[in-house]
Amino acid sequence: MTFPNISIDNVLKILLALSQYPILSARIRHQMRKALFARGVITREAFDEEARVKAVESQEREGLRNPFEEEQSEVWSNRLARIRDSQTDFYFAYNLPYSEFENIVRQVLSEKGNADAEFIWFNPELAPQDVLFEQAEMIESMPPQEREKYEARLQELEVVLIRTIISDQLKYIKMARQWFTVADLKEIRRRKIGSGKVGGKAAGMLLAMRILQETAPPEIQAAFKIPTSYYLGSDIFYNFMALNGLMHWNDQKYKTEERMRADYPTLRADFSKGQFAPEILERLDEVLVEAGHTPLIVRSSSLLEDNFGTSFAGKYESIFLPNQGTHGEKLSALTSAISEIYASIMDPDALLYRHHKDLADYDERIAILIQFVEGEQMGKYYLPQAAGVAFSRNLYRWSPQIREDEGFLRLVLGLGTRAVDLVADDCPRLVALSHPRLQPSSDVRSARRYSQQNVDVIDLEKNQLVTIPIQEIFAADYPTLRYAVQMEQDGYLGNLSSHSSEYKKMVVTFDGLLARTPFAKTIRAALKLLETHYEAPVDTEFTVQILEGETQKPEIKISLLQCRPQSHMHREEEVQIPHNLKEEDILFATQRMVPQGLVQNIRYILFVTAEGYFSLTSQSERTQLERAIGQLNAALKDETYIAVGPGRWGTSTPDLGVHISYSDIFHARSLIELAGEAVGASPEPSFGTHFFQDLMEAKIYPLAVFLDDADTLFKRDFFYTTPNRTLDFISIENPNVLNALRLIKISDYRAHHHLDLVMDGRQSRAVAFLVDEESADATTD
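Residues numbered from 1 in each chain as written. Predicted model: local features only at pLDDT ≥ 70, side-chain atom pairs only at ≥ 80, totals over all residues. Heavy atoms only, no water.

Draft legend 1. Inspection of helix α12 (residues 182-190) at higher detail. When α12 is considered as a whole, its buried residues turn out to be Val182, Asp184, Leu185 and Ile188. Buried residues in α12, looked at end-on, bunch into an arc of 160°, giving them a common side. Tucked inside the fold, the buried residues of α12 contact α8 (129-140), α10 (151-165), β1 (192-193), α13 (200-215) and β3 (229-232). (Buried < 20%, exposed > 50% of the residue type's maximum accessible area, 1.4 Å probe, protein only. Helix = DSSP H or I, 4+ residues; strand = E, 2+ residues; numbered from the N terminus. Arc of directions from axis to C-beta. Contact = heavy atoms within 4.5 Å.)

Structure, rendered in C-alpha cells:
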C-alpha cells in the first residue's frame, strides 16, 4: 500500500476509509497521540485542556447557556471525543512526517486478526457507544476459549451500555447485566429517539420480558409479548426546555407547596406551546407511519420511576391517543401529549412525593415511552379483551384459604385505566391467584353490585378516549364475551347463553377466562419467576387476548406493559390481639381483608364524617376539606395518628369517598375506610391501585371496616361525641367543612389512655382498642 504526500486532507481520507472500523480508527489515533506526546509537539495536559475548552465553546455556539448542566454525559463524551480526534489529525499533519503516519497505519493493519494485538484497552465511560458495541460484538463472536479471557471486559461494556442507554439505578444494573445481551441493547438503542436513557418504566418492561424469555417454560414464553415500543431519550426533556425558553421552571421543586400549586397552571400552559427540534419530529414521523391508524399510548418513563421503594405510581401522566385523522393532526396530538407529560414532572404532588422520599435533589429527567395500544376494533371502539394489574404477593385475603405467595389481580374489560385507579361507582374483578374463581362477594346481589359497570375504550370515530356503559359491550355480540360475563339465573351465576339479550342479568366475573383458559396458571407462573429473579415481589400491568382456534381449549396472549418491584411492607414481628379485651375498650374491629401489622401509641384520630362529607354542596367546599386535611397532616407530623373516613380514601370520584392525594395524608399511620349502606360507600378496597402503592411505600396500613357485617364493631359514640380538636391546630372558616372534619384526641375520651391498632392478617381480624398508659408502663417495667 502506498500513501500520497502528507496533508491533513490525506490523513482524513485514509481515516475516513477506515471509519467503518471504529476500533481500528481509534487505535490509529491513539498511536498518533502517543507520537505527538513523545516528540514533544504538545504535552498530554495541554492537549486535554485545549480539547475541553474547544468542546465548551462548541456547546456555547449551539446555544447552551449552562453547558455543564444542560448536556448529558454521553453527549458530552461524544463531543469531546470528536474534538480530540480533530486535534490529533491537525497536530500530526502539520508537525510530523507522513512516513510516521504510514508506519502507524501499517502496524495497526498488520495486527488486525490477532485478538490480543487488535484489542484496545480504552476507558468505556468516555468512549462513543459505537465503539462499545463493536468491541462487545467482537468479544461475543470469539471462540469460547478466546472469549473467556475477555468475559470481564464484556460485562464492563454491557454495564456501561445499560447505564447510558437504560438506567443508572444500581439495583437495576445489577440485575440487568445478568440478562441483557449486546443484541438486546442494540435493539433498544435502535428504537430510542434522541440521546439519554429510556427511563424506569421502559427499563422494567424490557428486563421482565428478557427474564421470561430466558427462564420460563416454552408454553409461558409463547404466551408473553411486549407491545411495539419506542423511547424518547431523557435528554430530550432538557433540550425541549432549552429550545422553548422553559429553563426558569426547573427550580419548582425548591419552592413552597403554595407557590408550586399557584404556578402549575401557568407552567402547563407554557409547556403546551413548546416545539420540538426537526430531527426529533422526523423520528416521530417514522413512528406514526409504522403505526398507521393503530392507537398509541404515550407514557412517562422517568429516571426514578418503577424503582425499589419509589414506584412513582400514577405521579406522571400517561395519555391515550386514538391516532386518527390526517398525518399532521396525528403528529400534533403526539407532540402535545409529550409536552403534557413533560409538564407533569413539575406537578406539585409529584414534587412533594420526591421531597418525602428525599429525592428532591436528584436530576429527574423524564424519558417517554410510546407504545402501540394492544387491542382490537369492535365497531367504532378499540379496546383489549381484558386488562389489569398483577402482583406476585397478595397482601389482602378475603378468605383464610387464600395464599399470599400465589399472587393477586385487578382485572377489567377494556383499557386498564379502571384497574389502576379508584374510579366512579365501579369495581374491577379481584382475583386471588391461589383460588382464581373465589370471589370476594359470596352472594349474587353483592357480586352484581360490586362488579364492573363501565368500560374505558377508544372511540375511533370521535378520536378520543371515552367511558361507556358495560351494556354497550354486552349488546355488541363481542366474540369472547362468554369468557368475561356470567348470567344471573335463579339466584346463581351461570355460563352465558349464546345470543342472550338479557343484559341486566349479565355480570362481569371473568369466570370463563379463569376457568376455561390457561390464563391464571400462566400469569401465576410468570409472577413467581419474576419475583425469584428480582429477589423481591413484583407488580405488573398487562393486557389479555383470547385466541380461539380449532382446539377446544383457547390460547391466550399476555402483553406485558410494565414491571416493577411491588410496594409492600416488610413483615412486622408476630402480632397478637390480646385475649379478654373488654368491649368498652374497643373503638372498632373488623374481620375482612385485614393486613398484617401493628400501630401503637396512637394519640389522635382524624375523622371525616359521612354525613358532613356527603353534604358538602360544591367542589370548592370539598377542595377546602382536602386542604384542611393536608394542613392537619402537616401539623401532626410529630404525632402518631390514623385517619378514618367514609368510602375510598384517594378516589378520583369525590362522591365515593375522600378525594385526597398522598401528599395530604403521608404522616398518617393507617387509613381506615368505612364501607356499607350506612355511609353509602362501596367496600371495594384500594389494593392494587396507584394510591395503594403510595401507602405501602410509606408504611401506611389501609384497612376497610365493613359496617354491615355482623361481626364488625364501631363505637359511634366515640367518633361523634368526643370533643373536636381541629381548631386547636388549624383555622377553618367554612362551618360546612368543619362539620365534616373531626380531630379526636384519644385522652379526651378516656384520660391517660392511648390507642393500639393490631391487625392479624393470618386470622383476618383487626382491633383498635384503648390502652391504659399507667398499666402499660407498669407492664414494661
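Draft legend 2. Region of the structure containing the sheet that holds strand β9 (residues 386-391). Across the sheet, 6 strands lie side by side as β2-β18-β17-β9-β10-β11; this open sheet has mixed pairing. On the outer flanks of this sheet lie β2 (224-225) and β11 (429-432), each paired with one strand and no other. One ladder, built from 5 bridges, connects β9 with strand β10 (residues 408-412); its direction is antiparallel. Bridge pairing in β10 places Val389 opposite Arg410. (Pairing = 2+ DSSP bridges.)

Draft legend 3. Fine view of the packing of aromatic side chains. Following the criterion strictly, the structure yields 18 aromatic pairs and no others. Ring geometry for Phe37 and Phe47: centres 5.8 Å apart, planes at 75°, overall edge-to-face. Of this pair, Phe37 sits in helix α2 (residues 22-38) while Phe47 sits in helix α3 (residues 44-61); the two residues are 10 residues apart in sequence, bridging distant segments of the chain. Comparing Phe37 with Phe47 shows no difference in burial state: the two are buried. When the centroid spacing of 4.5 Å and the interplanar angle of 10° are considered together, the rings of Phe714 and Phe719 count as stacked. Among the residues examined, Phe714 registers a relative accessible area of 23% and is labelled partly exposed. Taken together, the aromatic side chains of Phe237, Tyr238, Phe240, Phe271, Phe276 and Tyr342 make up a single cluster linked through ring pairs. When the ring centre of Tyr720 is taken as reference, the NZ or CZ atom of Arg716 above it lies at 4.1 Å. (Phe/Tyr/Trp six-rings, centres within 6.5 Å; stacked < 30°, edge-to-face > 60°. Lys NZ or Arg CZ within 6 Å of the ring centre and 35° of its normal.)

Draft legend 4. Structural detail: the packing of helix α17 (residues 278-291) against helix α18 (residues 327-344). Running from N to C, α17 and α18 point in directions that differ by 115°, and their axes come no closer than 10 Å. Our pair here, α17 against α18, has a crossing hand that is right-handed. Residues Leu281, Leu284, Asp285, Leu288 and Val289 of α17 touch α18, and the partners they reach there are His327, Lys330, Leu331, Leu334, Thr335 and Ile338. (Axes fitted to C-alpha atoms, helices over the stretch in contact; angles between N-to-C directions. Left-handed = near helix turned anticlockwise from the far one by under 90°.)

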